[in-house]
Amino acid sequence: AQATLTTIKGVGEGSEIQSISTRGDFVAYVDEDGNLGVADYTDPEDSTNFSEKHDGLASCVCLHPEDLTVATGGFDQCVRLWDISSEQVTVSGCARSVEDPSAAKIVNPPFVYTLDFAPGEDSTVVSGHADGRLMCLNSEDYWSWLDCHSYSITA
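- As named in an unreviewed UniProt entry, the protein is WD40 repeat-like protein, taken from Coemansia guatemalensis.

1. Focus on the side chain of Asn138
Turning to step 1, where the next piece is worked out: Assignment of secondary structure puts Asn138 in the loop between β11 (134–137) and β12 (142–145).
Turning to step 2, where the next piece is worked out: Exposure remark for Asn138: the relative accessible area of 6% places this residue in the buried category.
Turning to step 3, where the next piece is worked out: Side-chain polar atoms of Asn138 contact the backbone nitrogen of Glu140, separated by 2.7 Å.
Turning to step 4, where the next piece is worked out: Setting aside anything within four residues of it in sequence, one finds Asn138 in contact with Leu81, Val91, Asp122, Ser123, Thr124 and Trp143.

2. A short note on the state of the cysteines
Here is the idea: a disulfide is a covalent bond, and it sits between the sulfur atoms of two cysteines.
Turning to step 1, where the next piece is worked out: All chains considered together, the criterion is met by one disulfide.
Turning to step 2, where the next piece is worked out: Through a disulfide, Cys78 is tied to Cys94; the S-S separation comes to 1.8 Å. Its S-S torsion of about 95 degrees marks the bond between Cys78 and Cys94 as right-handed, since a negative value means left-handed. Taken together, the residues Cys78 in strand β7 (residues 78–83) and Cys94 in strand β8 (residues 88–94) connect sequence positions 16 residues apart. By the burial criterion, Cys78 is buried, and Cys94 matches it.
Turning to step 3, where the next piece is worked out: We note that Cys60 lacks a disulfide partner, and the nearest cysteine sulfur, in Cys62, lies 8.8 Å from it.
Turning to step 4, where the next piece is worked out: Taking the relative accessible area as the measure of exposure, Cys62 reaches 9% and is therefore buried.

3. Quick notes on unusual backbone geometry
Turning to step 1, where the next piece is worked out: You will see that Gln77, though not glycine, has its phi angle at about 75 degrees, which is positive.
Turning to step 2, where the next piece is worked out: You can see Gln77 is positioned in the loop between β6 (69–74) and β7.
Turning to step 3, where the next piece is worked out: Judged by its relative accessible area of 13%, Gln77 falls in the buried class.
Turning to step 4, where the next piece is worked out: A positive phi angle, near 60 degrees, is found at Glu87, a position not held by glycine.
Turning to step 5, where the next piece is worked out: Note that Glu87 resides in the loop between β7 and β8.
Turning to step 6, where the next piece is worked out: Looking at Glu87, the relative accessible area reads 33%, which means it is partly exposed.

4. Quick word on the sheet that holds β6
Turning to step 1, where the next piece is worked out: Pairing in this open sheet of four strands is antiparallel, and the strands run β5-β6-β7-β8 from one edge to the other. Here the strands that pair on one side only, and so sit at the sheet edges, are β5 (58–63) and β8. Each adjacent strand pair in this sheet contributes to an overall mean axis angle of 20 degrees, direction not counted.
Turning to step 2, where the next piece is worked out: Relative to β7, β6 runs antiparallel, the two sharing five bridges. If you follow Thr69 over to β7, its bridge partner there is Asp83.

5. Let's talk about the pattern of salt bridges
Oppositely charged side chains can form a pair if their charged atoms are brought close together.
Turning to step 1, where the next piece is worked out: On inspection of all chains with the given rule, the structure shows three salt bridges.
Turning to step 2, where the next piece is worked out: Its salt-bridge partner being Arg23, residue Asp25 comes within 2.7 Å of it at the nearest N-O pair.
Turning to step 3, where the next piece is worked out: Two residues, Asp76 and Arg80, come together in a salt bridge whose shortest N-O distance is 3.1 Å.

Definitions and limits used
- Residues numbered from 1 in each chain as written.
- Predicted model: local features only at pLDDT ≥ 70, side-chain atom pairs only at ≥ 80, totals over all residues.
- Heavy atoms only, no water.
- Helix = DSSP H or I, 4+ residues; strand = E, 2+ residues; numbered from the N terminus.
- Buried < 20%, exposed > 50% of the residue type's maximum accessible area, 1.4 Å probe, protein only.
- Polar contact = N/O pair within 3.5 Å; in protein donor to acceptor, adjacent residues only side chain to side chain.
- Contact = heavy atoms within 4.5 Å.
- Disulfide = S-S within 2.5 Å.
- Pairing = 2+ DSSP bridges.
- Axes fitted to C-alpha atoms, helices over the stretch in contact; angles between N-to-C directions.
- Salt bridge = Lys/Arg side-chain N within 4 Å of Asp/Glu carboxyl O.

Laid out in structure tokens, this is it:
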């Protein structure tokens with residue numbers, strides 16, 4: 001049997017998709033312009049492009065394994081939780097660069113390199129940043145730990 005390649009409309013015309021996340025019913029993707037799109041596998045031509053976006057390149061995306069939440073991270077150093085049904089950001093948290101240059105690593109700014117949902121019912125997302133920090137974000141609060149690693153957290 002031959003597989004058919006399905007084209008999913010990109011979020012920004014001419015914009016490159018940076019990351020995708022899939023689960024049995026949806027595919028979510030982010031692009032270099034900071035946009036998020038979500039498509040249903042049964043009708044990939046009917047994708048939802050969210051009106052809000054990251055300030056700059058969106059670098060990673062992750063669908064929640066059970067509900068209609070999707071998390072995104074970007075070069076704006078922010079993690080956002082989105083509700084697919086309302087097409088709105090529900091929570092946002094941002095890492096910030098250290099202001100004192102002597103205390104900062106010269107390696108990378110804290111853009112979001114990777115993220116995933118933690119087990120549990122509160123939709124906590126854990127993100128790894130290019131400056132080696134970890135951040136956790138849920139609907140209640142967010143926490144950030146500097147110097148978890150000496151270099152970028154990629155997975």
